[in-house]
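Summary of the model geometry
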Amino acid sequence: MLLAKGSGLGETDPAKHQIWSQSVSEALVLDGDATINLWSHMKDFETTKRGVVLAALLDCDAGGSGCVTLASGTLDVTPWNTSATWMERTINLGSVDYTVAAGRTLRVKIVVGGDSGDDMWFAYDTTTYSSLLSIGSSGPPPTTTTTTSGGSTTTTTTGGSTTTTTTTLPGNRIAVEFTVIDNRNMVVAGADVDVTHVSDGPFSGITDKFGRITFNLLDGEQYTAVGSTDWGHGPDSDPVDVGGSIDALELSRPSGKGTMTLSGGIDAEFLYRASSSNPWTVMPANFTDQASFVDFGGWFEVAKRCLGNGEVEGTKSVKIASGKNRSASISGWCP
């Protein structure tokens, strides 16, 4: 595509400017530095002449009129090309902070400056030399959601590429963090924690990979916390005095049972069952890539399942002894 030298961004002669358009079906937030990448060359593949290109980002109505200039820039280079091949150059338009309304049209206008050494060619309608408009972030307008749970209010605002979450507690509540450990003092991921009070709550949740979970409880009140797992730990109950010192919630090993600790759970979850005819019991790995289960003495089949592809690795048999702590490493690599 050939563009003759024009008279600036106000140029209206079709032979002296080019416009690319994109309709906007829903409100679009533009926020950040804007740039335009173009593949071009001086006419006749000249390699000694000065090139001057002006570009503007416009918000126009559906018909292309009533335009508002959002940003603009100029690139002036001598020589524009150093070889007889297409060259990509970037025009900086500056910062943009603007919302394009639904039904409008976003446009880019290109003009060859009057000071340019000659007319210019621009690569057009080809994926080999693709033009590109880039803006720091873009997306729908910010949306805000508010939820209330356990006496706290959480407000989440999402806009462009940014999400901001703010949690506000009433003055009479305290964020209380519980840490769950097994009978070997290892933190337990995926443990169930239930907290009750005579008039507040109840509260329930599952521990993270660090064995932690947080509830927003009334300051100065007493609660009861119960911890357990689906793989044999507990249940164990502890009183909780909010505002005082809170020890870790330790899951005991029921009488007559033993503990088996599995390691090697990088990017995986652990599995165990009494025999191959039984379904697997699933245990998430903690931050040290370990987990433990509790059961009566005997032989068990154990393995790990890769989180990325669902493949089961390292299947083997282990033996639990009543009242004993034993461990096993699960082999295999997970992508």
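Look a little higher up for the structure.
We now turn to the structure provided with this report. All of these numbers come straight from a predicted model, not from anything done at the bench.

Brief notes about the pattern of salt bridges
Applying the stated criterion across every chain yields a total of 8 salt bridges. With a shortest N-O distance of 2.5 Å, Asp 76 and Arg 50 are connected by a salt bridge. Pair noted here: Asp 76 is in strand β5 (residues 68–77) and Arg 50 is in the loop between β3 (28–42) and β4 (51–60), with a separation of 26 residues, a long-range link. On the accessibility criterion, Asp 76 (41% relative accessible area) is partly exposed. You can call Arg 50 partly exposed: its relative accessible area is 30%. Note that Glu 269 is salt-bridged to Arg 305, the shortest N-O span being 2.9 Å. Placement of the pair is Glu 269 in strand β21 (residues 268–273) and Arg 305 in strand β24 (residues 298–306), with a sequence separation of 36 residues. Taking relative accessible area as the criterion, Arg 305 reaches 24% and is therefore assigned partly exposed. One salt-bridge network, in which partners are shared between bridges, spans Lys 43, Lys 49 and Asp 118.

What about the nonpolar core?
Ranked by size, the top nonpolar core spans 26 residues in total, and within it Leu 30, Val 53, Leu 57, Leu 93, Ile 110 and Phe 122 carry the most contacts. If you list the elements that add at least two residues to this core, you get β3, β4, β5, β6 (87–100), β7 (105–112) and β8 (120–122). Setting aside chain neighbours within four positions, we find Phe 122 in contact with Met 1, Leu 3, Leu 38, Trp 39, Ser 40, Val 53, Trp 86, Ile 110 and Val 112. Within the second largest apolar cluster, 18 residues are counted, among which are Val 180, Leu 218, Tyr 223 and Leu 251.

Observations concerning the side chain of Gln 18
Within the fold, Gln 18 resides in strand β2 (residues 17–23). Note on Gln 18: relative accessible area 15%, which makes it buried. Look past the residues within four positions of Gln 18 in its chain and what remains in contact with it is Met 1, Leu 3, Val 108, Lys 109, Ile 110 and Tyr 124.

Considerations on the environment of Thr 99
On the secondary structure map, Thr 99 appears in strand β6. Distance from Thr 99 to Asp 59, taken between C-alpha atoms, is 9.5 Å for residues 40 residues apart in sequence. When residues no more than four places from it in sequence are discounted, the contact partners of Thr 99 are Ala 27, Leu 28 and Val 29.

Section: the packing of aromatic side chains
Enumeration according to the criterion identifies 11 aromatic pairs in this entry. Their ring planes at 40 degrees and their centres at 6.2 Å tell us that Trp 86 and Tyr 129 sit as a pair that is tilted. Residue Trp 86 is located in the loop between β5 and β6, and its partner Tyr 129 is located in the loop between β8 and β9 (132–139); the two are separated by 43 residues in the primary sequence. Pairing Tyr 272 with Phe 293 gives two aromatic rings, centres 3.8 Å apart and planes at 10 degrees, and the pair type is stacked. Here Tyr 272, found in strand β21, pairs with Phe 293, found in strand β23 (residues 290–296); they are 21 residues apart in sequence, far enough to count as distant. Across the pair, exposure class does not vary: Tyr 272 and Phe 293 are buried alike. Put simply, the rings of Trp 39, Phe 45, Trp 86, Trp 121 and Tyr 129 pair up and form one aromatic cluster. Sitting over the face of the ring of Phe 296, Lys 257 holds its NZ or CZ atom 4.9 Å from the ring centroid. Its guanidinium or amino end placed over the ring of Trp 280, Arg 273 lies 3.8 Å from that ring's centre, counting from NZ or CZ.

How each quantity is defined
- Residues numbered from 1 in each chain as written.
- Predicted model: local features only at pLDDT ≥ 70, side-chain atom pairs only at ≥ 80, totals over all residues.
- Heavy atoms only, no water.
- Salt bridge = Lys/Arg side-chain N within 4 Å of Asp/Glu carboxyl O.
- Helix = DSSP H or I, 4+ residues; strand = E, 2+ residues; numbered from the N terminus.
- Buried < 20%, exposed > 50% of the residue type's maximum accessible area, 1.4 Å probe, protein only.
- Core = buried A, V, L, I, M, F, W, Y, C linked by side-chain atoms within 4.5 Å.
- Contact = heavy atoms within 4.5 Å.
- Phe/Tyr/Trp six-rings, centres within 6.5 Å; stacked < 30°, edge-to-face > 60°.
- Lys NZ or Arg CZ within 6 Å of the ring centre and 35° of its normal.

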